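# Remarks on the overall topology
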Amino acid sequence: MERSLTGHYRGTARATGKHVAAEFAHIWHIADEKLFALHQYTDTWHWHEALSAAA
């Protein structure tokens, strides 16, 4: 069985102090009522911007 979930990551990157806001989608793969795999998709550009040092 598969389940999907969408949402938003929001917070501050500890390494840089920059704000990050990125959407995500999770695909959960479930067997015997247990999670056995998770595929995560997110907007990596927002993470890159938040974790990159200022130029």
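Residues numbered from 1 in each chain as written. Predicted model: local features only at pLDDT ≥ 70, side-chain atom pairs only at ≥ 80, totals over all residues. Heavy atoms only, no water.

### Side note on the packing of aromatic side chains
- On inspection of all chains with the given rule, the structure shows two aromatic pairs.
- Ring geometry for tyrosine 9 against phenylalanine 24: centres 4.6 Å apart, planes inclined by 35°, an arrangement best described as tilted. Here tyrosine 9, found in strand 1 (residues 2-12), pairs with phenylalanine 24, found in strand 2 (residues 19-31); they are 15 residues apart in sequence, far enough to count as distant.
- Taking relative accessible area as the criterion, tyrosine 9 reaches 23% and is therefore assigned partly exposed.
- Taking the centre distance of 5.5 Å and the plane angle of 70° together, the rings of tyrosine 9 and tryptophan 47 count as edge-to-face. Pair noted here: tyrosine 9 is in strand 1 and tryptophan 47 is in helix 1 (residues 44-51), with a separation of 38 residues, a long-range link. (Phe/Tyr/Trp six-rings, centres within 6.5 Å; stacked < 30°, edge-to-face > 60°. Helix = DSSP H or I, 4+ residues; strand = E, 2+ residues; numbered from the N terminus. Buried < 20%, exposed > 50% of the residue type's maximum accessible area, 1.4 Å probe, protein only.)

### A word on unusual backbone geometry
- The backbone of aspartate 32 shows a phi angle near 50°, a positive value even though the residue is not glycine.
- Here aspartate 32 shows up in the loop between strand 2 and strand 3 (34-42).
- You will see that glutamate 33, though not glycine, has its phi angle at about 60°, which is positive.
- Mapped onto the elements of the fold, glutamate 33 is located in the loop between strand 2 and strand 3.

### With respect to the sheet that holds strand 1
- One open sheet accounts for three strands, arranged 1-2-3; its pairing is antiparallel. In this open sheet, the two edge strands, each paired with only one partner strand, are strand 1 and strand 3. Between one strand and the next, the sheet's axes are offset by a mean angle of 25°, whatever the strand orientation.
- Sheet topology places strand 1 next to strand 2; eleven bridges connect them, and they run antiparallel. (Pairing = 2+ DSSP bridges. Axes fitted to C-alpha atoms, helices over the stretch in contact; angles between N-to-C directions.)

### A word on the side chain of histidine 29
- Relative to the assigned elements, histidine 29 resides in strand 2.
- You can call histidine 29 buried: its relative accessible area is 14%.
- Among the polar contacts made by the side chain of histidine 29, one reaches the side chain of glutamate 2 at a distance of 3.2 Å.
- Those residues in contact with histidine 29, other than ones at most four positions away along the chain, are Met1, Glu2, Lys34, Leu35, Phe36, Ala37 and His39. (Polar contact = N/O pair within 3.5 Å; in protein donor to acceptor, adjacent residues only side chain to side chain. Contact = heavy atoms within 4.5 Å.)

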